[in-house]
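Summary of structural features
This is what each chain is made of:
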Amino acid sequence: MSPSKYFYEAVMYSKLLQCQGLQSLADLHLLIFLNMFSVFIARYSLFYNRLKNIEECEGGLDKFTKSYKTFGVNQLEDGGIYCKEWAPGAEAVFLAGDFNGWNPFSHPYKKLEYGKWELFIPPEDGCSPVPHGSKLKVVIRAQNGALLYRISPWARYVVRDEDKVNYDWVHWNPPQSYIHKNPSPKRLKSLRIYESHVGIASPEGKVASYKNFTYNVLPRIKDLGYNCVQLMAIMEHAYYASFGYQVTSFFAASSRYGTPDDLKEMIDVAHSMGITVLLDVVHSHASKNSEDGLNQFDGTDSCFFHSGYRGNHQLWDSRLFDYANWEVLRFLLSNLRMWIEDYRFDGFRFDGVTSMLYHHHGIGTGFSGDYNEYFGLHVDEDALCYLMLANHMINSLHPECITIAEDVSGMPALCRPVAEGGGGFDYRLAMAIPDKWIQIIKELKDEDWNMGNIVHTLTNRRYEEKYIAYAESHDQALVGDKTLAFRLMDAEMYTNMSVLMPLTPIIDRGIQLHKMIRLITHALGGESYLNFMGNEFGHPEWLDFPRIGNNESYHYARRQFNLTEDDLLRYKFLNAFDRDMNKLEERFGWLASPQAYVSEKHESNKVIAFERAGLIFIFNFHPYQSYVDYRVGIETPGKYPFLYCYKILLDSDAGEYGGHQRLDHNTEYFSEEYPHNYRPNSIMVSCLRLVANHTFANWLPPPQFTEKLCKMKQFLCSHQEFQGFPVLK
């Protein structure tokens, strides 16, 4: 049955119900379901028809999304150059550059159908007529007769000289490009993401390089137990302080940090370490730059973007794509494929998805979860269809790749398969979690923290949609905001982080809560975890890129990794805890396990306890009350002779993490058949204030019993009649 048939039937049932009148609450629920179902069918129909048109008119999605190999300036096997552009508003198009002495008219393009233009330049003695490293410009004769010198939207490399404001397009075609040596890692079940920015990945006050990241930062990421790096600000952006979110050249890797080959090497080395590499892709908007950006490429305001008011983002001061336009789809889909196939990225984090999904772009809109907020004329169905096409393409051609949606609205089914009418993403960011931690720390006294509210925020996610939990990201590190560490310890971070100084109450509280917040977010908040570089050890300063307002200073545009290497500073404690937390997840895989069972969220005791992946997590957020022999309900029974023995595996109070070492890690805890908090069994533990620890259940009897059991097995195995018993295997 076609999607339109499903849509017709859903609408008919809905109208029938309305005509007959709603007889019960069940009828109301059915009506709401049918209305939503019809919307999903309509969305899938739009996707289905658009994909069908691509298949029929372009020779298939595979060919359509390989357009980066034909558009722009591309070298042919015989040494010639083939150029192609889409400039529907141009009267004429030319290519100028070093190769022709910047003659604006010597190399005219031929006009094709649908606003496309092409040019073929034959080889010269078997060599390319446009040498590697030479500068180029597309010359557009606009409808008013003006000559516009533009960078091709498909340019692969752009650079800016120190004495210039605008970027120059440089033809990138080296005699020998970098050859990848290592295969991409297999698709990960548990994602532990290290959100990174290459330019600030150094303690020095300068723009760091791809090479620096390759040889100094990647080993650090590996050691910390992260298995995925998410790279920001890779797509070229003229304004460094935009954090990479005002993209000017979509197909060019930022030249600030090095060459395209340097980036390829960086990704290849990451793959050799088993690290997955994601690109923070910005398809939600584009820079308003016209000299070195997409804006007014052909002299009109409608090339690539909506014209007029609809084509401008009022808060971001940027241009908005027309996702219903055929050539815009070609451009954006090909852009994704180029980053996967040329650079070997393993997937994408799509930025600004909320802005894409709604005509209001989320401006001045609060999302309560009411379904009317997600269905209606305010939804940009063309943008949603583009996202469905993008995920379908990636899943079809590169099923090992991962896609993540940055959506604050909570759009239903965004992370369900396209075949179900969903958006097709693998993960979505749990953006309510960092906001909740900020609100709690900023507005509430420690004794007023609400355990139920914390648990609700960490577990409130759409059924069968995967979430990426995080306590803070780059957003909280930017100037004007504060990281968790800075909110907890503030100015004392500058004076009292030395182990030679007395441990003040503020530093003690800050260090303990920093660890607890990150662990409970990691273990309870989702199916993946994310951390922004430096925040794992409580980086003491905010992030501020060089700009006029700070006298173009790089002082805050850096990450002081060296602080963790100084044995006299307490930053090493937070760094060690973050590493061991990740290593333990790698060992037990709680992110890939079903959602946790929360057995306790005690308001007066300030205790949260839950089970996930065979582990018991216990948190005491009370500012001054500790508990001895505190009973915690558990699922797993303990029966003689095969007693479950629980032991502490990670303790935020341990000395190596800056704690007070109040728990004996050699203690063994045995469960009792004593129901507690709706669990059939329970254990008694010490639950200390501002401490997080979790214990692991295994067939681990005490040493003296193990010795007796082994002797018993040896005796039984010596008798043939007992050798088939499963317990002896």
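The notes below deal with the structure included here. (Residues numbered from 1 in each chain as written. Predicted model: local features only at pLDDT ≥ 70, side-chain atom pairs only at ≥ 80, totals over all residues. Heavy atoms only, no water.)

**Remarks on the pattern of salt bridges**
Evaluation of the coordinates by the stated rule reveals 41 salt bridges. Between Lys116 and Glu327 there is a salt bridge, with the nearest N and O atoms lying 3.1 Å from each other. Linking Lys116 in strand β5 (residues 116–121) with Glu327 in helix α6 (residues 326–341), this pair joins segments that are 211 residues apart in sequence. By relative accessible area, Glu327 is classed as buried at 7%. Asp446 is the partner of Arg509 in a salt bridge, and the nearest nitrogen-oxygen pair spans 2.6 Å. In this pair, Arg509 is assigned in helix α13 (residues 505–524) and Asp446 in the loop between α9 (432–443) and α10 (451–459), connecting sequence segments 63 residues apart. A relative accessible area of 22% means that Arg509 is categorised as partly exposed. The class of Asp446 is buried, set by a relative accessible area of 14%. It is possible to trace a salt-bridge network through shared partners that takes in Glu58, Lys116, Glu327 and Arg330. (Salt bridge = Lys/Arg side-chain N within 4 Å of Asp/Glu carboxyl O. Helix = DSSP H or I, 4+ residues; strand = E, 2+ residues; numbered from the N terminus. Buried < 20%, exposed > 50% of the residue type's maximum accessible area, 1.4 Å probe, protein only.)

**What to know about the sheet that holds strand β1 (residues 72–75)**
Strand pairing within a sheet occurs via backbone hydrogen bonds; the two strands may be parallel or antiparallel. Pairing is antiparallel in the open sheet, where four strands are placed in the order β1-β2-β5-β4. Unpaired on one side and paired on the other, β1 and β4 (110–111) mark the two borders of the sheet. Pairing between strand β2 (residues 81–86) and β5: six bridges, direction antiparallel. Within β5, the residue paired with Tyr82 across the bridge is Phe120. (Pairing = 2+ DSSP bridges.)

**Concerning the packing of aromatic side chains**
A complete count under the given rule lists 46 aromatic pairs for this structure. Between the aromatic rings of Phe304 and Phe305, the centroid separation amounts to 6.5 Å while the plane-to-plane angle is 55 degrees, which identifies the pairing as tilted. By relative accessible area, which is 1% here, Phe305 ends up buried. Geometrically, the ring pair formed by Trp339 and Phe345 is edge-to-face, given 5.9 Å between the ring centres and 80 degrees between the ring planes. For Trp339, a relative accessible area of 0% puts it in the buried group. An aromatic cluster of three or more residues is present, and its members are Phe71, Trp86, Trp154, Phe250, Phe251, Phe304, Phe305, Phe321, Tyr323, Phe331 and Tyr386. Over the face of the ring belonging to Phe40 we find Arg43, whose NZ or CZ atom lies 5.9 Å from the ring centre. Directly above the ring of Tyr597 sits Arg679, whose terminal nitrogen or CZ lies 3.7 Å from the centroid. (Phe/Tyr/Trp six-rings, centres within 6.5 Å; stacked < 30°, edge-to-face > 60°. Lys NZ or Arg CZ within 6 Å of the ring centre and 35° of its normal.)

**Some remarks on helix α8 (residues 381–397)**
Between its first and last C-alpha, α8 extends 24 Å over 17 residues, near the 24 Å set by a 1.5 Å rise per residue. Ala383, Leu384, Cys385, Tyr386, Leu387, Met388, Leu389, Ala390, Asn391, Met393 and Ile394 are the residues of α8 that are buried. Capping of α8 at its N-terminal end is provided by Asp380; its side-chain oxygen lies 3.2 Å from the backbone amide nitrogen of Asp382. (Expected span 1.5 Å × (residues − 1). Polar contact = N/O pair within 3.5 Å; in protein donor to acceptor, adjacent residues only side chain to side chain.)

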